[in-house]
Each structure stands twice: as C-alpha cells, then as structure tokens.
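Chains, contacts and geometry: an overview
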Amino acid sequence: MNQDAKAKIVVGVDGSDGSRSALRWAALFAGVMDARIDAVTVWEFVSSFGWSALPPLSQPHEEIEKKLQQIVDDVFGPDRPAGLETHVYEGSAASTLVTLGEHATMIVVGSRGHGQFAGLLLGSVSARVAEHAPCPVVVVHSDGPPEMVKPS
C-alpha cells in the first residue's frame, strides 16, 4: 500500500508521561490498523511570564526536534514502529492537532501534559482536541504501557 494512502494516527508529544503513554498506544493502534504514526510536538513563543521575559532559545525548532527524537527513542528504543514520522510545528497545540486531524484516522493524546494544574482530570489541550477534532480522539489516562493483546 502507498504510504500516503495508509491510515494515519497523529499523536501529540510534549515529553510528559501521558504523551509517552499516548505514543505507546498509538503504536498499538497502528499495528492493528496498519497505519503510520505522525508524532507531533507543537511549540509557541511566550512573550512574557509574569514580569520578566523568558530567554529565547537560539534555534527553538531544531532544539525541539532533537528533544522529540529523544522522547521517541526513550519510548521505543531501536524498535521504532514502521512508518513513524516526527514533526515539529509552531503554534497552538490544540489548534494544530485539530488541523492535522483533518487528514488523520485518529488522534491520540495524553490526558494531562506539561503545564497541568493539580486536580484537573483532563488537560486543556486534550479537552479541546477531543471537542473539536474532525476524527476520533483517544485520550490516554494511564501512565503505563497498554496491554499488548495478541489476536486469537
């Protein structure tokens, strides 16, 4: 099957335990669905935090791409799923994931990522993606890997 014609699973990755679990779940779904995986990190500049400006990264896109590669390596080691691609975008995480969902079979996100507030059951990004995505959304609530079930 042509790689472009394959089903596509978009997974949001921010380095949190939830996004690492989402990567593992995406790999499980990709195997069952014969789908490719687009592991996506989205970043945006924050002009200020409180009263002081945050120091800018010299090459944010490149540095974030390296971090994304490291996260994927940490999750899968040398056994990355076939067809896994990584992508880094600048913008709003929720809006970017929703837009990418227009050409996806499914979006997988962790229930809470970085920037979480204690007591929230569902993070703001995952909630907005689940509400607005044009495709099915899986919100992963566990920190552990999925149970690997072999077909009978």
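Now for a look at the structure at hand. Position numbers for residues start from 1 in each chain and track the written sequence from start to end. Local features in this predicted model are restricted to residues whose pLDDT is 70 or higher, and side-chain atom pairs enter the listing and the counts only when it is 80 or higher, whereas totals over whole chains, interfaces and linings include all residues. With hydrogens and water set aside, each side-chain value is computed from the structure's full complement of heavy atoms.

With that out of the way, let us pick up the overall build of the chain. Secondary structure summary: the chain contains four helices and five strands in total. Buried residues in the chain amount to 41% of all 152 residues. Long-range pairs, those at least 24 residues apart, make up 75% of the contacts in the chain with a sequence separation of at least 6. Shrake-Rupley sampling with a 1.4 Å probe provides the accessible areas, and residues are treated as covered by the protein chains on show and by no other component. Counting only carbon and sulfur atoms, one obtains 56% of the accessible surface of the chain, whose full area is about 9100 Å². Under the scheme used here, helices are H or I runs from DSSP no shorter than 4 residues and strands are E runs no shorter than 2 residues, and both carry numbers assigned from the N terminus. Accessibility here uses a 1.4 Å probe with only protein chains present; expressed as a share of the type maximum, an area under 20% marks a residue as buried, one over 50% as exposed, and anything in between as partly exposed. Note on definitions: a residue-residue contact is assigned when non-hydrogen atoms from the two residues lie within 4.5 Å.

Two strands pair under a simple rule: DSSP has to find at least two bridges between them. Read across the open sheet, the five strands follow the order S3-S2-S1-S4-S5; overall the sheet is parallel. Edge positions in the sheet fall to strand S3 (84-90) and strand S5 (137-140), since each of these pairs with one other strand and no more. The average angle at which neighbouring strand axes cross in this sheet is 25°, direction not considered. In this structure, strand S4 (residues 106-110) lies alongside S5, joined through four bridges in parallel fashion. Bridging across to S5, Ile107 finds its partner in Val137. Sheet strands touched by helix H1 (residues 17-33): strand S1 (7-12), strand S2 (35-43), S4 and S5. Its angle to S4, the strand with the most contacts, is close to 155°. Axis definition: a line fitted to C-alpha atoms, limited for helices to the stretch in contact. Angles are taken between N-to-C directions and run from 0 to 180 degrees. Those strands touched by helix H2 (residues 60-76) are S2 and S3, and its axis lies near 145° from that of S3.

Here we come to the environment of Met106. With respect to the helices and strands, Met106 occurs in strand S4. In this structure the C-alpha to C-alpha distance between Met106 and Val11, which are 95 residues apart in sequence, comes to 8.5 Å. When residues no more than four places from it in sequence are discounted, the contact partners of Met106 are Lys8, Ile9, Val10, Phe29, Met33, Cys135, Pro136 and Val138.

A separate point is the packing of aromatic side chains. Pairing of aromatic side chains requires ring centres within 6.5 Å, counting the rings of Phe and Tyr and the six-membered ring of Trp. Pairs whose planes differ by under 30 degrees are stacked, by over 60 edge-to-face, and all others tilted. Evaluated as defined, the whole model comprises one aromatic pair. For the pair Trp25 and Phe29, a centre-to-centre distance of 5.8 Å together with 35° between the ring planes defines the contact as tilted. Highlighted residues: Trp25 and Phe29, both in helix H1, separated by four residues, approximately one helical turn. Overall, Trp25 belongs to the partly exposed group, its relative accessible area being 24%.

On to the packing of H1 against H2. Two numbers describe how H1 lies on H2: the axes approach to 10 Å, and their chain directions differ by 65°. Helix-helix and strand crossings are classified by hand; for H1 and H2 the assignment is right-handed. Two secondary-structure elements touch here, H1 through Arg20, Leu23, Arg24 and Ala27 and H2 through Ile71, Val72, Asp74, Val75 and Phe76. Note: crossing handedness is left-handed where the near helix turns anticlockwise from the far helix by less than a right angle, and right-handed where it turns clockwise.

Looking now at the pairing of S4. Along S4, five of the five residues are buried, which leaves the element largely enclosed by surrounding structure. Residues Met106, Val108 and Gly110 of S4 are buried on one face, and the alternating residues Ile107 and Val109, pointing to the opposite face, are buried as well. The sheet contact formed by S1 and S4 spans three bridges and is parallel. Note on S4: the bridge partner recorded for Ile9 is Met106.

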